[in-house]
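Spelled out, the chains give:
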Amino acid sequence: MHKKDKKKSQRRITRLLGQWLLLCVCIALICSGLFVCFLQNWLSDRETKNLLSINISDVTADISDASDENLLALTHTVADLLEEGTTDLDAIAEEYSIAEINVVNADGVVTASTYESFLGYQMADGEQSGEFCVLLGDAEEYVQSYQAISYDESISRKYAGVSLSSGGFVQVGYDAEEFQKDIDAQVIGVTRNRHVGQNGYIIISDESGMIVSDRNGGEGEDLSVTGITLDTDSVSVEEKFRSDVYGESCFCMYEYTEGYYIISVLPVSEAFSSRNMAVVTTVIMEIIVFACEFFLICFLMWHLVVKNIYIINDSLSEITDGHLDVTVDVCTNREFTSLSHDINATVDTLKRYIAETAARIDRELAYAKEIQYSSLPGIFPPYTDCIQFDLFASMNTAKEVGGDFYDFYFAGEDRLAFLVADVSGKGIPAAMFMMRAKTLIKGFAESGMEVDEVFTEANTRLCENNEANMFVTAWLGVLDLKTGIVEYVNAGHNPPLVKCRGNEFHYLKSHPGFVLAGMEGIRYRKNELQLSPGDTIFLYTDGVTEAADAQMILYGESRLLAVVNREEMTPEELCAAVKADVDLFVGDAPQFDDITMLALKYKGDGTEGN
């Protein structure tokens, strides 16, 4: 590599590293910023809710205490009047604007009431009234919260009870309208000077929506003048909601107690001010920190790692180009010194292993070729005492070993099985799969199975544990030497050439089945062909028809047909003629596929076709 090109390459790699590092820094900064925003939003929301809720709770407690004190004082007044002998309850109720008075005896039965229908009522029979039965024990006074009364839910009322010295107790019911008149002044005092945060405040309105207390001076006005619309159906109590209050966006929360709506208000700007300040401060600090880290990492990566990697990479490039004599010499620190020594040692070991492996592979391939060829029948004529047929076969592998094979053997008395097959792929894997397929087919055929059953069973066995997804095309025929009938089955193989009754060769057209080991559950179909004495059948693999010359033009089926029809030939002469014509066509182009052929001539009783 030239020095100028080297520097240009270094700049590109450094820029790429910087871009990725910058991207990572930006992503980290964005994620960190989003997390800070999310966290601060969550904290701000929780703080706002807590602030609004605490102020409402304080005001609610103050109002409840004032209401309780007022009602108890009134109830004690009524009790004192009754103790003094006053019996006109209606007059007392009218004088003190009381909605209801009930006198209960020691047995818990109403003995006097401003409602005649309550006379004789057992207080323990009702859920609300039963709460006052504590006054029949040790309790001297009891106040019930403001709520709808049991006998008319359209009326809300607050009750208090005080025990009588003569036994029993008096119960006083107070409508919100009446007791609010008494405690409005206290409510205003409780809330007017209360602050929610820095600029927030409390607004209180009664059930009708009239403002009772407002720091902004809205007392006596309808709540709508503030801009707040209380939709109690969609917004529940102590739920934060947002509204424009006197033209300013605010967070609000309300509570209902003692006939009052207590609304806590906090401006949105104040609620978010601490969040915004925390987010801005954190993001600025993170930008500064990440920027410093970015430049520091880039500087250290370049001077400590990247520069040395370029030097080692240049040496490795030469080694991968085949210059195994190149050595790596980067000794700037212990790690790169160790790496350089390890690379040099690895290259030396690699050179030794390459030489040893090449020699071993050559020997093993030679042995494999011998084994493969020895597994195929190689003596012709094969059966000298059998005059009913003449047979010849040959195989020429594209590599030292291949995936094609032929075979022939007797599958019973007077039944000659013969086949040609082609395994997908080349080399050792194809040869090993070929041996397995050859053994299975021969075993099934010699067991007496029909030809279609042979391929069906072989396909099932070959599909088992076929992790390499290899497959086999094959053509198997069984010739009855007495009748000349050939039962055959085709598993995706090239159609054979047949010469019948002195005519020329022609392709035997039949529907081929699926390849072997291609799919489980395939069943194959048996076909028949009648041969007469003197007829010839020629089997071959696609290495013949797909042989290509230097221009990648294929040999083809038509040229093969022309060669076999040239003249009358014996099976051996036929195979030799086809091989010679293929070699002539291909020329100096390398052989890409195995070439396998088998020719069988049927003679019948041996008198024909000698």
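Residues numbered from 1 in each chain as written. Predicted model: local features only at pLDDT ≥ 70, side-chain atom pairs only at ≥ 80, totals over all residues. Heavy atoms only, no water.

**A word on the packing of aromatic side chains**
The test is simple: Only centres within 6.5 Å qualify two rings of Phe, Tyr or Trp (six-membered ring in Trp) as a pair; their planes then separate them into stacked at under 30 degrees, edge-to-face at over 60, and tilted for everything else. Going along the chain from the N terminus, every DSSP run of H or I of four or more residues is numbered as a helix, and every run of E of two or more is numbered as a strand. Summary of the burial criterion: residues with accessible area below 20% of their type's maximum are buried, those above 50% are exposed, and those between are partly exposed, where the area comes from a 1.4 Å probe applied to protein chains only.
Tallying each qualifying case throughout the model produces 16 aromatic pairs. When the ring of Trp475 is compared with that of Tyr488, the centres are 5.1 Å apart and the planes differ by 20°; the resulting orientation is stacked. Highlighted residues: Trp475 in strand β15 (residues 472-480) and Tyr488 in strand β16 (residues 485-491), separated in sequence by 13 residues. Using a relative accessible area of 0% as the deciding quantity, one classes Trp475 as buried.

**Some points on the packing of helix α7 (residues 427-446) against helix α8 (residues 451-463)**
Note the threshold: Whenever a helix is involved, its axis is fitted only over the stretch in contact; in every case the axis is a line through C-alpha atoms, and angles between N-to-C directions fall within 0 to 180 degrees. What sets the label is the angle itself: under 35 degrees gives roughly parallel, over 145 gives roughly antiparallel, 65 to 115 gives roughly perpendicular, and the rest give oblique. Left-handed describes a crossing in which the near helix is turned anticlockwise from the far one by less than a right angle; the clockwise case is right-handed. By the convention used here, residues are in contact when the closest approach between their heavy atoms is within 4.5 Å.
The interhelical angle for the contact between α7 and α8, taken along N-to-C directions, is 140°, at an axis separation of 9 Å. It follows from the interaxial angle that α7 and α8 lie oblique. For the element pair α7 and α8, the recorded crossing hand is right-handed. In this structure, α7 uses Phe433, Arg436, Ala437, Leu440, Ile441, Phe444 and Ala445 to contact α8, whose residues at the interface are Val454, Phe455, Glu457, Ala458, Arg461 and Leu462.

**Overview of the environment of Phe35**
With respect to the helices and strands, the residue Phe35 is situated in helix α1 (residues 3-83). The class for Phe35 is exposed, based on a relative accessible area of 52%. A sequence separation of 326 residues divides Phe35 from Ile361, and the C-alpha atoms of the two residues are 61 Å apart.

**Regarding the pairing of strand β14 (residues 415-423)**
Both faces of the sheet carry side chains from a regular strand, because those side chains alternate between them. The following threshold applies: Strands qualify as paired when DSSP identifies two bridges or more between them.
Within β14, 8 of the 9 residues are buried, which leaves it mostly tucked inside the rest of the structure. Inspection of the sheet shows strand β13 (residues 404-410) paired to β14 by 7 bridges, in the antiparallel sense. Within β14, the residue paired with Phe405 across the bridge is Ala421. In this antiparallel pair of consecutive strands, β13 and β14, the connection spans 4 residues, and Gly412 shows a positive phi of 135°. Here β14 pairs with β15 via 9 bridges, running antiparallel. Looking at β15, one finds that Arg415 is bridged to Asp480.

**Observations concerning the sheet that holds strand β19 (residues 527-530)**
On the basis of which strands lie adjacent, the open sheet formed by 5 strands has the order β13-β14-β15-β16-β19 and antiparallel pairing. With one partner strand each, in any of the chains shown, β13 and β19 form the two edges of the open sheet. The sheet shows a mean angle of 20° between the axes of neighbouring strands, taken without regard to direction. Relative to β16, β15 runs antiparallel, the two sharing 6 bridges.

**Comments concerning unusual backbone geometry**
The amide bond that connects Phe380 to the next residue, Pro381, takes the cis arrangement and shows omega of -5°. Despite not being glycine, Tyr246 shows a phi value in the positive range, around 50°. Looking at the element boundaries, Tyr246 is found in the loop between β9 (241-245) and β10 (248-257). Note on Tyr246: relative accessible area 35%, which makes it partly exposed.

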